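Chain by chain, the residues run as shown.
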Amino acid sequence: MDHRPVGVFDSGIGGLSILQALRAELPAEPFVYVADSGHAPYGERDDTHVIARTESILTYLRRHHHIKALVVACNTATAAAIAGLRRQHGDMALVGVEPALKPARSLTTTGVIGVLATQGTLASEKFNRLLAALEGPVRFRLQPCNGLAEAIEQATVTTDNEKTIALIDRYTTGIGPFGTKPGEIDTVVLGCTHYPLVADIIQAAVGPGVRLLEPGRPVARQLRRLLEESGSLHPARPHGQPGSASFLSTGEPSLLARAAQQWLGLGSASVQYTPIGTAPAKN
Ligand code: DGL
């Protein structure tokens, strides 16, 4: 049994789609969530930036919050940085997020799968290795969605989804047609953790018969497995009380507070503005 919290981080609010699943799977665990909004978006930045940010956030969470595990709730950061984190923090449970290509391959009946993700994820070596291993009997149509994560963040504050809807229309049109007839995309992989937050808009754009895949539950189950194996689950709480969730942001805290209320159904969420500097790169 281990009372220490689990760290969860993303470039912004997208990782809340993962935190939602983590809290459902592991209700007694305390979580500390970092939105790196002061250094976002990650998807259109180079790997050096994303790797340095990921390393700095993990070091911060270890030092100041004594986390027992970290969930990298961001596809872009997982693709760029998880291998390095595993080398440098091999003593800690680390869980990343990657586009659900494998489940999509077993679920498709038309044999055509759409993948929406950031430019960084789609260009990464990790993603391309996965793609090469799975392509063949099925086809993947890839669409980088520049600006979409940012538009989703902005809409949380303005409550105006116009830009989000326009980008989703543009990007889905780019890879369609969608449907269940041969040659149509019947399965869409949401390869950025921001996108499940607007799943309803994406569903409306691709049509009701198309399946959207998001990684929250498998990630949560993987974390459970790792904590069980190392005997570090938090003990159950009296009366099924949920574990705490605390929120830090390196950018505008009100954005994360609002998003946490909206997506996690929290009555209120207090967010601490926490500038986390970028550590010099290690070789
Ligand atoms: N949420 C992140 C992901 O899963 C990326 C968003 C961004 O571009 O910062 O890839």
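No experiment lies behind these values; they were computed from the predicted model shown.

Draft legend 1. Representation of helix H6 (residues 125-134) within the structure. Residues of H6 that are buried: Phe 127, Leu 130, Leu 131 and Leu 134. The buried residues of H6 occupy an angular sector of 100° when the element is viewed end-on, so they sit on one face. Of the residues in H6, the exposed ones pointing more than 90 degrees away from the buried face are Glu 125, Arg 129, Ala 132 and Ala 133. Buried positions along H6 lie against helix H4 (101-107), strand E5 (112-117), helix H5 (119-123) and strand E6 (139-144). Of the residues flanking the end of H6, it is Gly 136, one or two places downstream, whose phi is positive at about 140°.

Draft legend 2. Layout of the site of the ligand. Taken together, 13 residues lie near the ligand, and Ser 11, Tyr 42, Gly 43, Asn 75 and Thr 76 sit nearest. A distance of 2.8 Å separates an oxygen atom of the ligand from a polar atom in the backbone of Thr 193. Residue His 194 places a side-chain N or O atom 2.8 Å away from a nitrogen atom belonging to the ligand. Compared with its free state, where it exposes 300 Å², the ligand has 99% of that area covered by protein. Considered class by class, the residues forming the shell around the ligand number five nonpolar, seven polar and one charged.

Draft legend 3. Quick peek at the packing of aromatic side chains. Applying the stated criterion to the full structure yields one aromatic pair. Their ring planes at 50° and their centres at 6.2 Å tell us that Tyr 33 and Phe 247 sit as a pair that is tilted. Taken as a pair, Tyr 33 in strand E2 (residues 31-35) and Phe 247 in strand E9 (residues 245-249) lie far apart in primary sequence, 214 residues in all. Across the pair, Phe 247 and Tyr 33 agree in class, each one buried.

Draft legend 4. Expanded view of the pairing of strand E7 (residues 187-190). Across the two faces of E7 the burial is the same, with Thr 187 and Val 189 and Val 188 and Leu 190 all buried. Where E5 and E7 come together, four bridges link them in parallel fashion. Paired with Ile 113 across the two strands is Thr 187, which belongs to E7. Pairing of E7 with strand E8 (residues 211-213), which is carried by three bridges, proceeds in the parallel orientation. Within the sheet, the bridge partner assigned to Val 189 lies in E8 and is Leu 213. A crossover connection joins E7 to the parallel E8 through helix H9 (residues 199-206); in handedness this β-α-β unit is right-handed.

Draft legend 5. A look at the nonpolar core. Ranked by internal contacts, the top residues of the largest apolar core, which has 57 residues, are Leu 16, Leu 19, Leu 22, Val 71, Tyr 195, Leu 223 and Phe 247. Per-element accounting of this core gives the leading share, six residues, to helix H11 (residues 253-264). Excluding its chain neighbours within four sequence positions, the residues that come into contact with Tyr 195 are Leu 116, Ala 117, Thr 118, Cys 145, Leu 148, Ala 149, Ile 152, Leu 190 and Ile 202. Judged by nonpolar contacts, the second largest core, of 21 residues, contains Ile 57, Val 72, Ala 80 and Leu 248.

Conventions used here
- Residues numbered from 1 in each chain as written.
- Predicted model: local features only at pLDDT ≥ 70, side-chain atom pairs only at ≥ 80, totals over all residues.
- Heavy atoms only, no water.
- Buried < 20%, exposed > 50% of the residue type's maximum accessible area, 1.4 Å probe, protein only.
- Helix = DSSP H or I, 4+ residues; strand = E, 2+ residues; numbered from the N terminus.
- Arc of directions from axis to C-beta.
- Contact = heavy atoms within 4.5 Å.
- Near = heavy atom within 4 Å.
- Polar contact = N/O pair within 3.5 Å; in protein donor to acceptor, adjacent residues only side chain to side chain.
- Areas by Shrake-Rupley, 256 points an atom, 1.4 Å probe, with all protein chains shown as cover.
- Nonpolar A, V, L, I, M, F, W, Y, C, P; charged D, E, K, R; others polar.
- Phe/Tyr/Trp six-rings, centres within 6.5 Å; stacked < 30°, edge-to-face > 60°.
- Pairing = 2+ DSSP bridges.
- Right-handed = clockwise from strand over helix to strand, strands pointing away.
- Core = buried A, V, L, I, M, F, W, Y, C linked by side-chain atoms within 4.5 Å.

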